[in-house]
Amino acid sequence: MKIKQAGDIFYGRFSIFEDKAGFEAAVSCRKGGSSPAPFDTLNMSFSAGDNPEHVSDNRKRFLQLLGIPSDQIISCHQVHGIHLEQVGAEYCGRGALDPDDALPACDGLLTNESNVPLTMNFADCMPLVFYDPVRRAAALSHGGWRGTAGNIAGRTVKRMQEVFGSIPGNILAAEGPAIGPSCFEVGEDVRKAFVCLFQEEQQNCLFRNKGGGKYLFSLAEANRLLMIRAGIRPEHIELSDICTYTRDDLFYSHRHSGGRTGRHMTVVMLK
């Protein structure tokens, strides 16, 4: 991922999509907005506790850089689940200006229509971006540890196969900024959630035992393995390698902030 700057606003772009003129995928950073601390400054979430006027202004500032009307984006209430929703033009504007109008209980969005901006907000969890340049389809999923344990990456690929006719080997994928493996300390409950998903050898690579029932977990590697298992070619997967916990100057980190902070936005759109 490359960090770009336009005026006061910083945002990230994925290298794997750089030459794909028909596809837009970007992640906002936390700089260049109007929100005061602890949401400083480019908070994209209505649910974080920030002034809604600041959130609307921040969304407009960021999205206009991409040529996307901020009142046309599709947002959802993310619940760390595995529900995926196929959306089209009739969904545009859901959750854009009114959080109560966002799609309920949804952690994955898919479309094959142009000018339908899919968005999700993050602050340590992992954005998962999918683009099929052959079938002209795209998806965005929320890869927190619960969604990852539910194999939301694999479920997203399968759904793209079912509704768009995508061939996994054609899909390009990217993992956005998230808490890194040296900072993501989890308990025995999280490790046990992955027992049925990965063999012991893979689990030993994903979880580094710290003792006392604590482990360091690699969210990025878990999702990469699940993408490959779903049929995406390893060379078609980009890892951002940006840890939100250690780079909370650039991105929001729920864990580093103690829970009170803003959210950065990932936006995906077919042009």
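Preceding block: the structure.
Here's what I pulled together on the structure shown here.

What counts, and where the lines are drawn
Residues numbered from 1 in each chain as written. Predicted model: local features only at pLDDT ≥ 70, side-chain atom pairs only at ≥ 80, totals over all residues. Heavy atoms only, no water. Core = buried A, V, L, I, M, F, W, Y, C linked by side-chain atoms within 4.5 Å. Buried < 20%, exposed > 50% of the residue type's maximum accessible area, 1.4 Å probe, protein only. Helix = DSSP H or I, 4+ residues; strand = E, 2+ residues; numbered from the N terminus. Contact = heavy atoms within 4.5 Å. Phe/Tyr/Trp six-rings, centres within 6.5 Å; stacked < 30°, edge-to-face > 60°. Lys NZ or Arg CZ within 6 Å of the ring centre and 35° of its normal. Pairing = 2+ DSSP bridges. Axes fitted to C-alpha atoms, helices over the stretch in contact; angles between N-to-C directions.

**Considering the nonpolar core**
Stage number 1. Among the nonpolar cores identified, the biggest contains 37 residues, and Phe130, Phe194 and Phe217 are the most heavily contacted of them.
Stage number 2. Looking at this core, the elements with two or more residues in it are β7 (126-132), β8 (137-143), α2 (145-149), α3 (152-164), β12 (214-217) and α6 (219-229).
Stage number 3. Those residues within four positions of Phe194 in sequence are excluded, and the remaining contacts are Trp145, Thr148, Ala149, Gln203, Phe207 and Phe217.
Stage number 4. Counting 33 residues, the second-largest nonpolar core is a separate cluster that includes Ile74, Met120, Ile242 and Leu270.

**So, the packing of aromatic side chains**
Stage number 1. With the rule as written, the count across this model stands at eleven aromatic pairs.
Stage number 2. Ring geometry for Phe17 and Phe23: centres 4.9 Å apart, planes at 75 degrees, overall edge-to-face. In this pair, the class of Phe17 matches that of Phe23, namely buried.
Stage number 3. Relative to Phe198, the ring of Phe194 has its centre 6.2 Å away and its plane inclined at 20 degrees; by these criteria the two rings are stacked.
Stage number 4. Judged by its relative accessible area of 0%, Phe194 falls in the buried class.
Stage number 5. Through successive ring pairs, a cluster of aromatic residues spans Phe184, Phe194, Phe198, Phe207, Tyr215 and Phe217.
Stage number 6. Positioned above the aromatic ring of Phe10 is the side chain of Lys31, whose terminal nitrogen or guanidinium carbon lies 5.0 Å from the ring centre.

**A look at the pairing of strand β14 (residues 264-270)**
Stage number 1. Burial analysis of β14 places seven of its seven residues in the buried class, which makes it a mostly covered element.
Stage number 2. Residues His264, Thr266, Val268 and Leu270 of β14 are buried on one face, and the alternating residues Met265, Val267 and Met269, pointing to the opposite face, are buried as well.
Stage number 3. Looking at chain direction, strand β3 (residues 23-28) and β14 are connected through five bridges and run antiparallel. Bridging from a neighbouring strand, Ala26 pairs with Val267 of β14.
Stage number 4. The pairing of strand β6 (residues 118-122) with β14 spans five bridges and is classified as antiparallel. Bridge pairing in β14 links Leu118 to Val268.

**With respect to the sheet that holds β7**
Stage number 1. Ordered by their spatial adjacency, six strands build an open sheet running β4-β5-β8-β7-β9-β13, and the pairing between neighbours is mixed. Each edge of the sheet is formed by a strand with only one pairing partner; in this case those strands are β4 (84-86) and β13 (237-239). On average, each strand axis in the sheet is inclined to that of its neighbour by 15 degrees, with strand direction left out of account.
Stage number 2. Inspection of the sheet shows β7 paired to β8 by seven bridges, in the antiparallel sense.

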